[in-house]
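Each chain, letter by letter, is given below.
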Amino acid sequence: MQRYILTVSCPDQPGIVHALSGGITEAKGNIVESAQFSDPGTGTFTIRVLLETPQADVESLRDELSLRLARFDPVLSLRPEQQRRRVLLMVSKFDHCLIDLLYRWRLGELPVDIPLIVSNHPDLAPVAQSYGIPFVHLPVTRDTKPEAEAELLRLVAQHRVDFVVLARYMQVLSDDLCRKLSGRVINIHHSFLPGFKGAKPYHQAHDRGVKLIGATAHFVTADLDEGPIIEQDVVRVGHRHTAPELVAIGRDVERVVLARAVRLHAEDRVVLTGSRTVVFS
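Note that this is a predicted model, so its numbers are computed, not measured.

A. Molecular detail of the overall build of the protein chain. Helix and strand content of the protein chain: 8 helices and 13 strands. For the protein chain, whose C-alpha radius of gyration is 21 Å, the value lies close to the compact-globule estimate of 19 Å for 281 residues. The dimensions of the protein chain, computed from C-alpha atoms along their principal axes, are 60 × 40 × 35 Å. Pairs at least 24 apart in sequence give 67% of the contacts found in the protein chain among residues at least 6 apart. With an accessible surface of roughly 14100 Å², the protein chain has 51% of that area assigned to carbon and sulfur atoms. Looking at charge distribution, the protein chain has the averaged site of its 33 positive side-chain charges lying 4 Å from that of its 34 negative ones.

Following this line, the structure appears as structure tokens:
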């Protein structure tokens, strides 16, 4: 038996689950796990199904299920469960998120393949080398940004990358690149935004006496740090914490939240519905 992960998103209406179940039955399939959600705000129905079937041809199975659901105008994704998502990691000089992701990947906690690490600085090349992952130094300046982004797109295509993770990559992606990689780039930022912008946000937060340190992982859009949210978390802090202590706490939250978001997306548990996400935990 072959196992597949199926996600479907379409306008909500009667008969979707019946039609899908019928298509799986026709393929001699069995539903192992299923989760669904109807969003009254957008009128969108989403479902994630783990199924098993003797059908070994993923393209044929995708065509059969798409035909069954055609009248619902679905957005449908289907992949073999053992086919891991290919992830390109991007980083600048801060290494905490990168090292955490690589550590979890080496332990087998992140079901992804990492063909490449790209950075606008050479500093973290030794980290990539220690994990046996190719490292590409791709400098970015105001004048070279178009050429650098064109090279990034070439690398994405060459390495058959499914999605990109900005593991504290400190460059703003152009609107054009955001459109071309829409729904395929995950970023992490501290949850002080937009309250504390610019340099040293944790020091700004310390000066204002914040009581919560947090982080948000989201899809990248042309609206800076305002894309659909995938995962968030917070930690309570107090007046006794120094600014450097807030920075350290913030690093911890950032890497945990980003790792959760990468795992969820890698397992096809995140479905975009307009400006929001449905996340099947």
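B. Looking closely at the pattern of salt bridges. Tallied over the entire structure, the rule returns 20 salt bridges. Its salt-bridge partner being R104, residue D100 comes within 2.6 Å of it at the nearest N-O pair. Here the residue D100 and the residue R104 both occupy positions in helix α3 (residues 96-107), the gap between them amounting to 4 residues, near one helical turn. Looking at D100, the relative accessible area reads 13%, which means it is buried. In this structure, E109 engages R104 in a salt bridge whose closest nitrogen and oxygen atoms are separated by 3.4 Å. Its relative accessible area of 21% is what places R104 among the partly exposed residues.

C. Quick look at helix α7 (residues 201-208). Regarding α7, the residues found buried are P201, Y202 and A205. In a view along the axis of α7, the buried residues occupy a sector of 95°, so they form one face of it. Residues of α7 that are buried in the fold lie against β9 (185-190), β10 (212-219) and α8 (243-266). One or two steps after α7, the chain reaches G209, where phi turns positive at roughly 70°.

D. Focus on the packing of α3 against α8. At their nearest, the axes of α3 and α8 sit 9 Å apart, and the two run at 45° to each other. Judged by the angle between their axes, α3 and α8 are oblique. Relative to α8, the crossing made by α3 is right-handed. Residues H96, C97, D100, L101 and R104 of α3 form the contact with α8, whose own contacting residues are R251, E254, R255, V256, L258, A259 and V262. Split by residue class, the contact of α3 with α8 holds 6 nonpolar, 1 polar and 5 charged.

E. Seen up close, the sheet that holds strand β5 (residues 85-91). The strand order β7-β6-β5-β8-β9-β10-β11 describes an open sheet built from 7 strands, whose pairing is mixed. Either end of the sheet is taken by a strand with one partner, and the two such strands are β7 (135-137) and β11 (229-236). Averaged over all pairs of adjacent strands, the angle between strand axes in this sheet comes to 20°, irrespective of strand direction. Pairing analysis gives 3 bridges linking strand β6 (residues 112-119) to β7, with the strands arranged parallel. Residue I117 lies in a different strand from β7, and its bridge partner there is F135. Seen against the sheet, helix α5 (residues 145-158) touches β5, β6, β7 and β8 (163-166) and runs at an angle of roughly 155° to β5.

F. Highlighting the environment of D57. Following the sequence through the fold, D57 ends up in the loop between β3 (44-53) and α2 (58-69). Note on D57: relative accessible area 36%, which makes it partly exposed. With 25 residues separating them along the chain, D57 and V32 place their C-alpha atoms 19 Å apart. Within the structure, D57 has its side chain in polar contact with the backbone nitrogen of E59 (distance 3.1 Å).

G. Seen up close, the packing of α7 against α8. Two elements in contact, α7 and α8, have axes whose closest approach is 9 Å; the angle formed by their N-to-C orientations is 125°. Comparing the axis directions of α7 and α8 gives the class oblique. Crossing hand, α7 versus α8: right-handed. In this structure, α7 contributes Y202, H203 and H206 to the contact, and α8 contributes A243, L246, V247, G250 and E254. The residue makeup of the contact of α7 with α8, split by class, is 4 nonpolar, 3 polar and 1 charged.

H. Geometry of the sheet that holds strand β1 (residues 2-11). Read across the sheet, 4 strands follow the order β2-β3-β1-β4 without closing on themselves; strand pairing throughout is antiparallel. Of all the strands in the sheet, the pair left with one neighbour each is β2 (30-39) and β4 (75-80). In this sheet, neighbouring strand axes are inclined to one another by 10° on average, regardless of whether the strands run parallel or antiparallel. When β1 meets β4, the two strands line up antiparallel, connected through 6 bridges. Note that in β4 the partner of T7 across the bridge is S77. Where helix α1 (residues 16-26) meets the sheet, it contacts β1, β2 and β3, and its direction lies at approximately 15° from that of β3.

What counts and how
Residues numbered from 1 in each chain as written. Predicted model: local features only at pLDDT ≥ 70, side-chain atom pairs only at ≥ 80, totals over all residues. Heavy atoms only, no water. Helix = DSSP H or I, 4+ residues; strand = E, 2+ residues; numbered from the N terminus. Rg over C-alpha atoms; globule rule 2.2 N^0.38 Å. Contact = heavy atoms within 4.5 Å. Areas by Shrake-Rupley, 256 points an atom, 1.4 Å probe, with all protein chains shown as cover. Lys, Arg positive; Asp, Glu negative; His and termini not counted. Charge placed at Lys NZ, Arg CZ, Asp CG, Glu CD. Salt bridge = Lys/Arg side-chain N within 4 Å of Asp/Glu carboxyl O. Buried < 20%, exposed > 50% of the residue type's maximum accessible area, 1.4 Å probe, protein only. Arc of directions from axis to C-beta. Axes fitted to C-alpha atoms, helices over the stretch in contact; angles between N-to-C directions. Parallel < 35°, antiparallel > 145°, perpendicular 65-115°, else oblique. Left-handed = near helix turned anticlockwise from the far one by under 90°. Nonpolar A, V, L, I, M, F, W, Y, C, P; charged D, E, K, R; others polar. Pairing = 2+ DSSP bridges. Polar contact = N/O pair within 3.5 Å; in protein donor to acceptor, adjacent residues only side chain to side chain.

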